[in-house]
Every structure is written in structure tokens, then in C-alpha cells.
Amino acid sequence: MRNYKRIFAAAVSFFLFSFYLSSQVKSPLLDGKDKVALIAKQTEMNGSSPFRDMKWQYIGPENVSGRCTDVEAVSPRGGNYIIWVGSATGGVWKSVNEGTSFEPVFDGMPTASIGDIAIDPENTDIVWVGTGEANIFRSSNPGCGVFKTIDGGKTWSLMGLENTYTIGRIRVNPKNSDIVYVAATGHEWTSNADRGLYKTTDGGKTWIKALYVDENTGVCDVILDPEDPNTLYCATWERERLKWNDPRTYETTKNNGIWKSTDGGKNWKKINVGLPAQNRMGRIGIDIAVSDPRVLYAYVDNYEVATKAKPGDLDSYGRQRKDIIKGATVFRSDDSGSSWHQVSGLTPEQSTFMENHSATYGWVFGQIRVDPNNENIIYTMGIELNQSTDGGKTFKSLDGPHPDHHGLWIDPANSNYLLNVQDGGLTISYDMGKTWKFPIKELPLAQFYNIAFDFSTPFRVFGSIQDHHSFYGPVDLSRGRDKVPAVEFKHTLGAEGSTHAISPADNNTIYSSTFYGALARAQVNNYPASVKYLLPNRYPGEEPLRGEWVAPSMLSKFNSDIVYHGMQYVLMSRDKGDTWEFISPDLSYNDPRKRGDINYQTISVMDESPLKFGLLYAGTDDGRIWRTKDCGKNWTEIRNGAVPVKFVSRIVASAFDMGTVYMTQNGRRDDDAQVYIWKSTDFGDSWQDISGNIPLGPVNVIREDPVNKDILYAGTDGAVYVSKDGGKKWDVLGNMPFIYVLDLAIHPRDNMLIIATHGRGMWVMDANPINGKDKIKVSDDYDAPEE
């Protein structure tokens, strides 16, 4: 067993080599073991940082949780009340009092993305955690292997498999705890050989591949026969995620299906008789009936076409709908997998029910559970949690929990007792799903994408939360700058992924990019009645507007009536969005081969110089970087030198020097954790790498301090960094767990740092000890130059 903190020494040579390359074109950082070593370097930096004792304060939202991927418990309830919850980007949480309170138990680990949890049935203090969410949703993040605790979560050891990146299931042999199986689905965006079914016979010291198909096919689920654990079944999933397409099944797909072994994984055979063709199956979830192990169920994302789409039919995001596939389809085997027969969707009503089961994203779910005491009671997880009491012939949705379900635990000693996790956290039922109880306090797992703020007193912060739309809340400094309370947030204009801009003229007019850039305006104090959608209509034959998931919108620093909005073009309005002009050509590569389910080749970031009206910068999700000095009349592409073609995650025009601009790039969509931070002092004509000693990315945001031009802040998948010398040297800021910092801002009046994390909500910190604003005379008023 290896404690990952001890890997630090092994990181030194790799880190120095990477630093040497900082002035050259950087190599992508793809290896999971290197990532773990460099996170150990980050942990070392945290311990020696001069800012390690500075306090980040959680401000909420107290009323919003986030996506969870698994829930496990120790049976029977009453003998104990232990619940374990794995979250998509917030780590592992444990309750010893049935959800009355939870504690994070995974905060010192090198990832916070959780795929699956397994409790050792022989010793419940031994718990396995597979990292890397296997749902590969738009905001999922890679893991770095399998972890094990032998003391109920007090300490953890990394047990290997660092390059699997995503793990769908872990199973412990109930008769021999040293035997463990791990279903690894592999890298999200790129092909890799570290996928398939892994097995250990020595408690994780060594691993073998029990089943491997190829570098594009992983194993997404595995189950063991409860009477004979040498008999096991697994589901393989051949998938490719493109930047412009969700994972899907193609005509050439050939490796999706179910496999069986009767000798502990030494030999396998396919058991697909009665299932759809392999190029019509997507992700598959499987389970076995403890009450009768001959009975198996398979929940198949079925790509057979049910209904041809008509022109004008729209999906849930307002896009032209594709053909409606059969989608969620449940098959049953009564002979240990020798043959299968479809049990769901056999009446018109049930067929429609199952077609709508998972909407357009069935590949996100793939979870099915069989009641351990009754082989005819089954549950499937889709948009809703669904229950059948007749072996899958009829399903009904169980009302109560938040939509989008990912995990269910049924107490084997009492089938009435259910624990369910979804995009809203954890819910508990004592009556087989008729009614539901929520934890006394929400798990603090909100997945923010962004920050905006206003100049109210107290000032308010705004942001969009994956799966929950957009919210805002106050930052109350009245008790002291180090005693900011966590509060409930309120709904406001915006979607799950949206930028926001609040007019400083009234602290009430709000703009939001909503779904895929469908810009709207409203009044905060009169939402939703005041909503007005603003995008101009396009003529027939004109290129439709394409917006990124978090499409950029901003108000001019010179006149808050001027609105800029980024699609594939930069749009500008001089009258609060009522009329528009297109001030750029398509700034993306606009490759017709890269069109699909997901809007791609779009503008991802923009900024306006606060020193010169008309000086604008824009970056795209396909790696292009642009500048205009004349408000869009002429554009110059400014990606050059060592700057790679990568997703542009932030661009910031300096408030101190007109020619200075900062830019970050994010390699997550290439499975690349390299650090890309750049500075230009000549309007982007040339770039200098200022990533310095930051060991690991991806990098999501950079900000310039409003008081001191030499102070910079950066947010990564892992930490917040601060530099006091313009990026030559960076220090970890504050002692936080592993967090995904997607946005960062500094309130210029109140001098408070704000971070939006994807998985742990929103936090603030007093910036006075960093920039000393409280000790110098700085005007809070800013007279903008005339246009």
C-alpha cells in the first residue's frame, strides 16, 4: 500500500523537467501517476505557503447540494446508522447518524471526482473508493485510481490504477476480502489501454486485467453471483467522447455487450442472446437477484429507432431533435445469462414511458438495482427514480427526489429502506419510495461554473450551478470580514451553465447567457416576470448562432448600456440588448466535420480593456485567440509562439497597462492536466509563459489584483494560487481540500476574494492581508473614460 503523500520525492525530477520546458512548447500531461506525484508537490507547497493560514469562508448555498454518484451503507439499519456518499466533484462524505450530519473524509486526496464506493462485507471499516466519475457528463472530471481505507475513512492509501481515470463499479468478493474487481471505463476524451476489468487477489497490492477488449472499450459494470462469487458478469462499453458529440453508438460499434465468467475472470464468454445488436446498444447497467441468482437484469441504452424526428421537433435544450431511440430498455434473464428477453416497454404507454426515461442523455445513467428480497422488484435510474414490482413489465416514477439519478442502496435486511443519490444530493425513504426524507442539512456540493457580483450593500454574488440553474446570495460582512456566514441562495435569471452581468447603474438589471448562449435580461427584484430574451433572429439560410455551454456575456466598463455577447460571433448592443450588431466574423475554425450534438467552435471567453474603449479580446473553445483595437472593425489572430491550440478558459485585459493581457488555457477536453498560463505586454503579439512553479492544471481562471499590478490569482482543478511578482513564483492560497476552482473574482469596493468551486459551493476570503488595501488610500470611485 502506498500513501500518496510519500510520492513527493518521485515528483521532483518530472517537475523540474516540466519547468525547463516552460519556455518551449509544453508537452501534454497525460499520465495519471505523474499527476498524482505533482499533486503531492501541490500538497507540499500548501504546507510551506506563507498564505497557508489564511481562511477561506464557505458562504453557501445552504439550500443547494450537487451531483452524487454513489451511496452505500452498513446493514442493518438500527445496528448502526453509517452512510457513505460519493460525489461527482466534492469527494467522499460519511455520516454515522443516518444523515443528520456528514463529514468529508476524502479531503486530503489528489482528486475529488468519485466513481464508485464499495464496503467490505467482512469488515465494514474497510472501504474502497474508485475515483473518476464514469457518467462523463459535461462537467465530469478524471480520477487517479483506487483508494482504500482500513479505519473507516480516517486514513487512505492509493492502491494503483492511476491511469484508469474513470471507474464505474467496485465489487468485493464476499467470501474473500482480498479479491476485488474494478470496472474501469477509461479516459473520457482519448483512447487508452488502462480500461477494462481489473482484479486483485492480494487486497490491492497487485492487479491484473481480468478482461480487456481494446483501447476504446471499457467495463462499466460488474456483478458477482452471491452464492458463487467466482461467477461474475460484466458489461463492456465502447465509447468515444468528442468535443462536439456526446458518447454514442455508431454503425461501426462492435464491442458493447455482457460477458460471463465462471472461474473468477480467467475465461469469458459473451452472453448477448436476445439483446439488441452490439451497434445498437450503448451503456449497459446490470444487476443480479440475491433472492434467486439465476435472475439477471440488464438496463440497456437502446439505439434502435422508435420514432423518426420531424423538422421543428426540439430537444430539451431547444435544438433540432434527432430520431427518437428506444432508449432505456430492460431485459431479463432467468437462466444465468444464457438468454435474455425484453420485459419493459411492451405496451404503448410503457413504450413512451421508457423512451422518455433518460431524455437525450441515456449514457449518463446506466444504473439498475434488484430488490435483494424480491427478484420482481427492480429500480432503474434516469431522469427520475423508477420502480417496477412486476419484473419490469410496468414502471412508475417515484416522486420526491431531485431529477437525474445515479445511485441507490437497498437495505438487504429491510427492503423498505432506500438511500438514493442524484443531482440534488441524498434522499432517504422508509417506505419503498412512497415518501422521502432529505438530510437535515444539505451536503455542500454545489457545482458552480462562474461568479458575478453587484455593488449592493452587502454585495451579492451570482452564479450558475450544474443541474440547478442560477442563484444569488449576499456576502454579509457585518459580523466581521472573517465571520461571513453561509446563507441560502435565491433563484435568478440563468440556466445551469450561464455567465451573468449585473448593471452597476441599478444593481438590479441582470443579463444571463442561459442555455447555450440564449441571452436574456431581467430585473433581479422582479424575476421571472421581467424576463426578456434578447438574441436577434436569423434569416432563413443564415448560419444559426452557436453558443458555448457557458457562453460569455459582459457589460462595457465604459457604459453599462453596452452589452457584448459571444456566440461564434461577437455581438454588441448599445441599448441594453434591444438591438444588435455583429462586430466580428466567425472567430472559430468552423470546421463542418466538427458539428454534432454539442455546440462547438464557439467563443468561450471575452474581455474588454478597462483603459481603452474598443480594445477587445476573445478566445474560442477550439483554441483560437483574437484582438480588435477598433471595436470589431478589424480583428487580428494572436495565438502564436508556444501557445498551443487548446480551449481558452480565460482572457483578462490589464487595468494597469493598456498593452498587458493575461490568458489561460484548459486541456481537460484532451485529458491533459498541463499548466497553461500566459502574459503579453504587447496586446497579444507575443506571449510569455508565467505558469512558474504551479505543478498541475488544468487552469480555469486568472485574475489581476485590483490594487497591486504585480499580484495575480489563478484557479485550477485542485487549488487557488497567488503570485506577488507577476507570475514568476506562485503560492497556494489558503488551506483548502482538493477543489475545482472554475472562477475567481475580487470585489473592488469591499476587497473580498470570491471563488466559485465546482463541487464545494462558493467561498470568500479577506484580500486585505494580500494586497494591503486597508493600509493605503485607494479610491472606491472610478470615473470611466468617455467613449
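Look up: the structure comes first, before these words.
Residues numbered from 1 in each chain as written. Predicted model: local features only at pLDDT ≥ 70, side-chain atom pairs only at ≥ 80, totals over all residues. Heavy atoms only, no water.

> Can you break down the environment of P695 residue by residue, with the values?
By the secondary structure assignment, P695 is in the loop between strand 48 (688-689) and strand 49 (699-704). In sequence terms P695 and E384 are 311 residues apart; their C-alpha atoms lie 41 Å from each other. (Helix = DSSP H or I, 4+ residues; strand = E, 2+ residues; numbered from the N terminus.)

> Go over the pattern of salt bridges, please, and point to the residues and values.
A complete count under the given rule lists 38 salt bridges for this structure. Between R479 and D476 there is a salt bridge, and its shortest N-O distance comes to 3.1 Å. Look at D476 and you get partly exposed, because its relative accessible area is 21%. Between D750 and R749 there is a salt bridge whose closest N-O contact spans 2.7 Å. Judged by relative accessible area, which is 23%, R749 ranks as partly exposed. A single network of salt bridges, built from pairs that share partners, joins K243, K646, D670 and D672. (Salt bridge = Lys/Arg side-chain N within 4 Å of Asp/Glu carboxyl O. Buried < 20%, exposed > 50% of the residue type's maximum accessible area, 1.4 Å probe, protein only.)

> If you had to explain the pairing of strand 11 (residues 180-184) to someone new, which residues and values would you point to?
Counting buried residues along strand 11, five of its five residues qualify, which places the element largely inside the surrounding structure. Burial along strand 11 is two-sided: V180, V182 and A184 and Y181 and A183, pointing in opposite directions, are all buried. Direction of pairing for strand 10 (residues 167-172) relative to strand 11: antiparallel, over a ladder of five bridges. Note that in strand 11 the partner of R169 across the bridge is A183. Relative to strand 12 (residues 196-200), strand 11 runs antiparallel, the two sharing five bridges. (Pairing = 2+ DSSP bridges.)

> Residue-level account of the packing of aromatic side chains, with values.
Under the definition given, this model contains 19 aromatic pairs. Centre to centre, the rings of W128 and W207 are 6.3 Å apart; their planes meet at 85°, and the pair counts as edge-to-face. Here W128, found in strand 7 (residues 127-131), pairs with W207, found in the loop between strand 12 and strand 13 (208-211); they are 79 residues apart in sequence, far enough to count as distant. Assigned by exposure class, W128 and W207 land together as buried. With centroids separated by 6.1 Å and ring planes inclined at 85°, the aromatic side chains of W409 and Y417 adopt a geometry described as edge-to-face. Here the two residues W409 and Y417 agree in accessibility, since each one is buried. In textbook terms, an aromatic cluster arises when at least three aromatic residues are bridged by ring pairs, as seen for W84, F106, F147 and W156. The ring of F137 carries the charged tip of R138 above its face, separated from the ring centre by 4.9 Å. Seen from the ring of W549, R138 lies directly overhead, with NZ or CZ sitting 3.6 Å from the centre. (Phe/Tyr/Trp six-rings, centres within 6.5 Å; stacked < 30°, edge-to-face > 60°. Lys NZ or Arg CZ within 6 Å of the ring centre and 35° of its normal.)

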